[in-house]
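Structural description and commentary
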Amino acid sequence: MSDKDSNWRFADDVVVESEVIARARQQSLELGIDPISPATGAQVAVVVAATRAESVVEIGTGVGVSGLWLLTGGTEAQLTSIDVEVENQQHARAFFTEAGIPSNRVRLIPGRALEVLPRMNENSYDIVFIDADPQSVIEYVEHGLRLVRPGGTVLVARALWRGRVADPAARDEVATGFRTLITETSASGAVISALSPAGEGLLQITKLAP
């Protein structure tokens with residue numbers, strides 16, 4: 001195992017997840033859904049807490065692992081979560097309830113994100129978290145930057161996509177899409193961005209005031 005692999009494993013292993021998140025993670029794996037890593041979860045919770053986010057949009061509910069982490073950071077935040085799989089959202093709702101999160105703080109929207117997002121109000125949210133269909137990540141980020149207020153942040157999970165983004169020889173659609181996203185946001189004057197290697201990578205993009 002390389003030093004980098006050891007660092008990544010340590011970053012995940014050092015995180016202490018709540019019992020509810022641990023159960024949601026196990027349920028996710030049993031259903032064949034790949035949840036965000038503990039290190040990614042902890043990092044997004046810190047971003048939400050540090051920015052005192054009150055309104056959060058999540059693209060990709062799964063069974064609630066990432067939503068629980070987002071609400072761990074935003075103890076008073078309102079979460080709007082979009083997913084095409086209604087059954088998964090039902091599992092997520094159960095885990096939110098188990099965690100003691102009031103139902104009026106969570107809005108679960110079933111449907112395709114690319115159909116739902118255009119109907120949402122721009123400059124109205126503090127955080128948009130993306131962990132969904134990787135082929136559509138650039139479109140999701142474009143919508144996310146429209147939705148967040150100036151000073152708001154778009155968080156993109158799995159931005160290093162299985163280690164392939166850093167490999168210039170990897171030319172598949174997903175790796176190329178993430179690579180383009182990372183380089184373009186890094187060069188943009190409209191945002192400030194940072195890429196963390198936590199989990200499979202977490203791209204953080206904060207929208208600057210015009």
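The structure contained in this document is the topic of the report that follows. Quick caveat, the model's predicted, so the values are computed rather than measured. Each chain has its residues counted from 1, following the order in which its sequence is written. The model is predicted, so local features are restricted to residues of pLDDT at least 70 and side-chain atom pairs to those at 80 or more, both for listing and for counting; the totals for chains, interfaces and linings are taken over all residues. Derived side-chain values reflect all non-hydrogen atoms in the structure, with water molecules and hydrogen atoms excluded from consideration.

**Let's talk about the packing of aromatic side chains**
The pairing test for Phe, Tyr and Trp rings, Trp by its six-membered ring, is centres within 6.5 Å, and the orientation test on the planes gives stacked under 30 degrees, edge-to-face over 60, and tilted for anything in between. Tallied over the full model, the rule gives one aromatic pair. Plain terms: the ring middles of Trp 161 and Phe 178 are 6.0 Å apart, the flat faces sit at 20° to each other, and that makes the pair stacked. With a gap of 17 residues between them, Trp 161 in the loop between strand S5 (148-157) and helix H8 (173-187) and Phe 178 in helix H8 connect regions that are remote in the sequence. For every residue, the accessible area (1.4 Å probe, protein chains only) is compared with the maximum for its type, and the residue is labelled buried under 20%, exposed over 50%, or partly exposed between those bounds. Since its relative accessible area comes to 13%, Trp 161 is described here as buried. A helix here means a DSSP run of H or I that spans at least four residues, while a strand means a run of E at least two residues long, and both kinds are numbered starting from the N terminus.

**Topic: unusual backbone geometry**
Phi is positive for Arg 52, close to 50°, though the residue is something other than glycine. Take Arg 52: it is sitting in the loop between helix H3 (38-50) and strand S1 (55-59). On the basis of relative accessibility, which here comes to 71%, the residue Arg 52 falls in the exposed class.

**Side note on the environment of Gln 26**
Within the secondary structure, Gln 26 is located in helix H2 (residues 19-30). Through-space distance from the C-alpha of Gln 26 to that of Gln 89 is 15 Å; in sequence the pair is 63 residues apart.

**A few points about the packing of H3 against helix H4 (residues 65-73)**
Between H3 and H4, the least distance of the axes is 7 Å, while the angle of their chain directions is 35°. Crossing hand, H3 versus H4: right-handed. Counting all contacts with H3, which are made through Pro 38, Gly 41, Ala 42, Val 44, Ala 45, Val 48 and Ala 49, the residues of H4 involved are Trp 69, Leu 70 and Gly 73. Any residue that is not Ala, Val, Leu, Ile, Met, Phe, Trp, Tyr, Cys, Pro, Asp, Glu, Lys or Arg is counted as polar, Gly included; the first ten are nonpolar and the last four charged. Looking at the contact of H3 with H4 residue by residue, the class counts come to eight nonpolar, two polar and no charged. Comment: axis = line fitted to C-alpha atoms, over the contacting stretch for helices; angle = value between 0 and 180 degrees taken between N-to-C directions. For a crossing to be left-handed, the near helix must be turned anticlockwise from the far one by less than a right angle; the clockwise case is right-handed. The contact criterion used throughout is that any non-hydrogen atoms of two residues lie within 4.5 Å.

**Points about the packing of H2 against H4**
One can describe the packing of H2 onto H4 by two numbers: an axis separation of 9 Å at closest approach and a directional angle of 160°. Looking at the two axes, H2 sits roughly antiparallel to H4. Crossing of H2 over H4 shows left-handed handedness. For the pair formed by H2 and H4, the contact residues are Val 20, Ile 21, Ala 24 and Arg 25 on the first element and Val 65, Leu 68, Trp 69 and Thr 72 on the second. Residue classes in the contact of H2 with H4 are distributed as six nonpolar, one polar and one charged. An angle below 35 degrees is treated as roughly parallel, one above 145 as roughly antiparallel, one from 65 to 115 as roughly perpendicular, and anything else as oblique.

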